[in-house]
Amino acid sequence: MNQIKNFLTSSECLELIAMIDDNNQPSSVVEAGEDVSTISLTRTSSTCNLDPSNEIVKKLHEKISNFLGIEISKGEQLQGQLYEEGQYFKPHQDFFTGSAYDKHCLYSGNRTDTFMIYLNEGFEGGGTDFPKLNITVLPETGKAVHWKNMINGEWQGNAMHEGMPITKGRKYI
């Protein structure tokens, strides 16, 4: 797991936060390997699919693609997340199995990498915990966190992570 400070500027983060505020809805999850996405108590945040035609989003997607060395066409649409007080995302992995793999991964393959960027700080709680690594990443505006979900086709159990509850304020990623 890598932490990259200042991957985005404060102004870039503010622009993305505005997009998330304008267009978010309750987050869904794929549970128990099923092929359907549902609203769940496992994940209580809100999600915004960022407009891929927006110039800021295009530049960000390209920057992430270049950093990872993975073609943009192999990545998913970029999303923004909003966590308000009391919201969380219980421990989970970012790859798919079973019928969920068939629904979400046949075109581009499974999620080999996760690249997450904290867009703000100044709230309480909300760290990203990796329980099998005994590491909790603390949010900093513009800091990116990157980890491998799969290496050579093998799932990485140490990639289990959770978005810890927000106890005060709002977190954007």
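Read on for a plain summary of the structure. (Residues numbered from 1 in each chain as written. Predicted model: local features only at pLDDT ≥ 70, side-chain atom pairs only at ≥ 80, totals over all residues. Heavy atoms only, no water.)

1. Describing a nonpolar patch on the surface
- A surface patch of nonpolar side chains, about 210 Å² in accessible area, is lined by Met-1, Leu-133 and Ile-135.
- One can find Met-1 in the segment before β1 (2–4).
- A residue is classified by how much of its surface remains accessible, and Met-1, at 36% relative accessible area, is partly exposed. (Patch = residues over 30% accessible without salt bridge, like charges linked within 9 Å, V, L, I, M, F, W, Y side chains within 5 Å. Areas by Shrake-Rupley, 256 points an atom, 1.4 Å probe, with all protein chains shown as cover. Salt bridge = Lys/Arg side-chain N within 4 Å of Asp/Glu carboxyl O. Helix = DSSP H or I, 4+ residues; strand = E, 2+ residues; numbered from the N terminus. Buried < 20%, exposed > 50% of the residue type's maximum accessible area, 1.4 Å probe, protein only.)

2. A few points about helix α1 (residues 10–22)
- Taking 1.5 Å as the rise per residue, α1 with 13 residues should run 18 Å; its terminal C-alpha atoms sit 19 Å apart, in good agreement.
- Next to the buried residues of α1 lie β5 (46–49), α2 (55–68), β6 (79–83) and β17 (171–172). (Expected span 1.5 Å × (residues − 1). Contact = heavy atoms within 4.5 Å.)

3. Concerning the packing of α1 against α2
- Following both chains from N to C, one finds α1 and α2 inclined at 120°, their axes separated by 11 Å at the closest point. In terms of crossing hand, the pair formed by α1 and α2 is left-handed. Counted together, Glu-15, Leu-16 and Met-19 of α1 and Ile-56, Val-57 and Leu-60 of α2 form the full contact between these two elements. (Axes fitted to C-alpha atoms, helices over the stretch in contact; angles between N-to-C directions. Left-handed = near helix turned anticlockwise from the far one by under 90°.)

4. Focus on the state of the cysteines
- The full count for this structure, using the stated rule, is zero disulfides.
- With no disulfide partner, Cys-13 has as its closest neighbouring cysteine sulfur the one in Cys-48, 15 Å distant.
- With relative accessibility at 0%, the residue Cys-13 sits in the buried group. (Disulfide = S-S within 2.5 Å.)

5. Brief notes about the environment of Asp-22
- By the element assignment, Asp-22 lies in helix α1.
- The exposure class assigned to Asp-22 is exposed, which follows from its relative accessible area of 69%.

6. Overview of the sheet that holds strand β15 (residues 161–163)
- Spatial ordering of the open sheet is given by β7-β15-β10-β11, a layout of four strands whose pairing is antiparallel. Because the sheet does not close on itself, it has two edges, and the strands there are β7 (89–92) and β11 (135–137). Here the strands of the sheet are splayed against their neighbours by 15° on average, with no regard to which way each runs.
- Where strand β10 (residues 128–130) and β11 come together, three bridges link them in antiparallel fashion. Note that in β11 the partner of Phe-130 across the bridge is Ile-135. (Pairing = 2+ DSSP bridges.)

7. Looking at the packing of aromatic side chains
- Under the criterion given, the structure shown has four aromatic pairs.
- Aromatic side chains Phe-7 and Phe-67 sit 6.0 Å apart centroid to centroid with 85° between the ring planes, which places their arrangement in the edge-to-face category. A residue pair is termed long-range when its members are at least 10 positions apart, and Phe-7 in the loop between β1 and α1 and Phe-67 in helix α2 qualify at 60 residues.
- On the basis of relative accessible area, Phe-67 is assigned to the partly exposed category, the value being 40%.
- What links up through ring pairs into an aromatic cluster is the set Phe-7, Phe-67 and Phe-115.
- Sitting above the plane of the Tyr-88 ring, Lys-90 keeps its charged end 4.8 Å from the centroid.
- The ring of Tyr-83 carries Lys-171 above its face, with NZ or CZ at 4.6 Å from the centroid. (Phe/Tyr/Trp six-rings, centres within 6.5 Å; stacked < 30°, edge-to-face > 60°. Lys NZ or Arg CZ within 6 Å of the ring centre and 35° of its normal.)

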